[in-house]
Protein chains: 2
Amino acid sequence: MDKRAEVMAAHERFYAAFEALDYDRMAAAWAQRETDVCTHPGWEALFGWEEIRQSWRAIFANTPYMRFEATDVRLEIWEDVARVSCVENIFQVFEGANLHSRVACTNLFVRTEAGWRITLHHGSPIATAQQLTQPEEDEPLN
Amino acid sequence: MDKRAEVMAAHERFYAAFEALDYDRMAAAWAQRETDVCTHPGWEALFGWEEIRQSWRAIFANTPYMRFEATDVRLEIWEDVARVSCVENIFQVFEGANLHSRVACTNLFVRTEAGWRITLHHGSPIATAQQLTQPEEDEPLN
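The structure contained in this document is the topic of the report that follows. (Residues numbered from 1 in each chain as written. Chains lettered and ligands numbered in written order. Predicted model: local features only at pLDDT ≥ 70, side-chain atom pairs only at ≥ 80, totals over all residues. Heavy atoms only, no water.)

With that out of the way, let us pick up the interface of chain B and chain A. If you look at the interface, chain B gives 52 residues, while chain A gives 52 residues. When chain B packs against chain A, the two sides together hide about 4,400 Å² of surface, and 56% of this comes from carbon and sulfur. Across the contact surface, chain B and chain A share four salt bridges. For A:Arg102, the salt bridge is made with B:Glu44, and the minimal N-O distance between the two is 2.9 Å. Where chain B touches chain A, the interface holds 12 residue pairs in polar contact (both at pLDDT 80 or more). Counting only elements with at least two residues in the side of chain B that touches chain A, the list comes to helix H2 (23-29), strand E1 (37-39), strand E2 (46-47), helix H3 (49-62), strand E3 (66-77), strand E4 (81-94), strand E5 (97-112) and strand E6 (115-125) of chain B. The element best represented in the side of chain B that touches chain A is H3(B), accounting for seven residues. (Contact = heavy atoms within 4.5 Å. Buried area = accessible area lost by both parts, 1.4 Å probe. Salt bridge = Lys/Arg side-chain N within 4 Å of Asp/Glu carboxyl O. Polar contact = N/O pair within 3.5 Å; in protein donor to acceptor, adjacent residues only side chain to side chain. Helix = DSSP H or I, 4+ residues; strand = E, 2+ residues; numbered from the N terminus.)

Now the structure itself:
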């Protein structure tokens, strides 16, 4: 399996664990280091596996159902580090209502002795419209 | 200068350009590659320098005053890639009122021939309270 396929498999294991609301699978997807970082949408960043794992326990305890569809997946791989950016399209059922939300996501993976593991997850809510009007045309400067 | 100091200098150049609302300095802080990623708080991710530079033009055109104080700065450096996480404490003046907001931030830097440059910026608004009750606060790890 090439590096790209290995990283994408690690990415998919992370989301499969999230959908399954399965703490053990989520733990297995992480590097579990003191330098791990996890920023859930709207949250402060959590630093270190100990804090991060507690957040997954809390989230899984409070989430009855969740489905992900990742779109706009973009990958960059260096030697032992890889970045995957994506949009998380999240489908939830909450008190009988279907909710769809979109989260802009940065995931970083490191190659460990056991394979690629996630070491940073940063998700941020996407507002329905960009906050500033972007110029249609722009003079190229450089 | 050691690697850590080099990366922190690149980090400070990025925020100095942001505070100065200076497009040329901001452009000089970036790697300017097609794989660059920038997610402003509440926005979709922007991919590639062309899209990203237009966003800085729009932001600078719409921002009269902005000051940053970075706290909780955490650094990890690999061979030619480095991550800096921080909280951006943002002070703005808007229609005569002082505004303070906090943004959880992930910045990635790559080592180019010209030195360390930012290649990913991801900022997300921090809500005043965490969305789920967390078991307990943790001391910073480093």
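With that settled, the discussion passes to the environment of B:Ala17. All names here are of chain B. When you line up the elements, Ala17 lands in helix H1 (residues 3-20). Between the alpha carbons of Ala17 and Ala27 there is a distance of 8.7 Å; along the sequence they are 10 residues apart. Residues in contact with Ala17, not counting those within four places in the same chain, are Asp22, Arg25, Met26 and Phe60.

Residues and elements named next belong to chain B. The terminal C-alpha atoms of H3 lie 20 Å apart, and with 14 residues this matches the ideal 20 Å at 1.5 Å per residue to within 8%. Among the residues making up H3, those that are buried are Trp49, Ile52, Arg53, Gln54, Ser55, Trp56, Ala58, Ile59 and Phe60. Buried positions along H3 lie against H1, H2, E1, E2 and E6. (Expected span 1.5 Å × (residues − 1). Buried < 20%, exposed > 50% of the residue type's maximum accessible area, 1.4 Å probe, protein only.)

All names here are of chain A. Among the 14 residues in strand E4 (residues 81-94), 11 count as buried, and that is most of the element. Pairing geometry for strand E3 (residues 66-77) and E4, over 10 bridges, is antiparallel. What sits directly across from Met66, in E4, is Gln92. Connecting E3 to the antiparallel partner E4 that follows it, the hairpin turn spans three residues. Pairing between E4 and strand E5 (residues 97-112): 14 bridges, direction antiparallel. (Pairing = 2+ DSSP bridges.)

A word on the sheet that holds strand E1 (residues 37-39) of chain A. Residues and elements named next belong to chain A. The sheet built from six strands is open, its strands ordered E2-E1-E6-E5-E4-E3 with mixed pairing. The sheet terminates laterally at strand E2 (46-47) and E3, the two strands that pair on one side only. Sheet topology places E1 next to E2; two bridges connect them, and they run antiparallel. Among the inter-strand pairings, Cys38 is bridged to a residue of E2, identified as Leu46. Sheet contacts for helix H1 (residues 3-20): E3, E4, E5 and strand E6 (115-125); angle to E3, the most-contacted strand, approximately 155°. (Axes fitted to C-alpha atoms, helices over the stretch in contact; angles between N-to-C directions.)

With that out of the way, let us pick up the packing of aromatic side chains. Aromatic ring pairs are described here by two measures, namely the spacing of the ring centres and the angle between the planes. Per the stated rule, a full pass over the model turns up 20 aromatic pairs over all chains. Plain terms: the ring middles of B:Phe14 and B:Trp56 are 5.8 Å apart, the flat faces sit at 75° to each other, and that makes the pair edge-to-face. Here B:Phe14, found in helix H1, pairs with B:Trp56, found in helix H3; they are 42 residues apart in sequence, far enough to count as distant. Judged by relative accessible area, B:Phe14 falls into the buried class, the value being 0%. By way of ring pairs, the aromatic residues A:Phe14, A:Tyr15, A:Phe18, A:Trp30, A:Trp49, A:Trp56, A:Phe60 and A:Phe68 are connected into one cluster. Directly above the ring of A:Tyr23 sits A:Arg57, whose terminal nitrogen or CZ lies 3.7 Å from the centroid. (Phe/Tyr/Trp six-rings, centres within 6.5 Å; stacked < 30°, edge-to-face > 60°. Lys NZ or Arg CZ within 6 Å of the ring centre and 35° of its normal.)

Mapping chain B onto chain A leaves a residual RMSD of 0.0 Å; the transformation is a rotation of 180° accompanied by 0.0 Å of translation along its axis. Classification of the inter-copy transformation places it as that of a two-fold axis. Residue B:Ser124 of chain B places its C-alpha closer to the rotation axis than any other residue of that unit, at 2.6 Å. (Least-squares fit on C-alpha atoms with pLDDT ≥ 70 in both.)

Turning to the pattern of salt bridges, a few remarks are in order. It is possible for side chains of opposite charge to pair when their charged atoms get near one another. Counted under the stated rule, the structure contains 14 salt bridges over all chains. Residue A:Asp36 is joined to A:Arg33 by a salt bridge in which the shortest nitrogen-to-oxygen separation is 3.5 Å. Its relative accessible area of 25% is what places A:Arg33 among the partly exposed residues. In this structure, B:Arg111 engages B:Asp80 in a salt bridge whose closest nitrogen and oxygen atoms are separated by 2.8 Å. Highlighted residues: B:Arg111 in strand E5 and B:Asp80 in the loop between E3 and E4, separated in sequence by 31 residues. Through salt bridges with shared partners, one network takes in A:Arg33, A:Asp36, B:Glu76 and B:Arg83.

Glancing now at H1(A). Residue and element names in this part refer to chain A. Between its terminal C-alpha atoms H1 stretches 26 Å, which fits the 26 Å expected from 18 residues at 1.5 Å a residue. Listing the buried residues of H1 in full gives Val7, Met8, Ala9, Ala10, His11, Phe14, Tyr15, Ala17 and Phe18. Packed against the buried residues of H1 are helix H2 (23-29), helix H3 (49-62), E3, E4, E5 and E6. Note on H1: the residue one or two positions beyond its end, Leu21, has a positive phi of about 50°.

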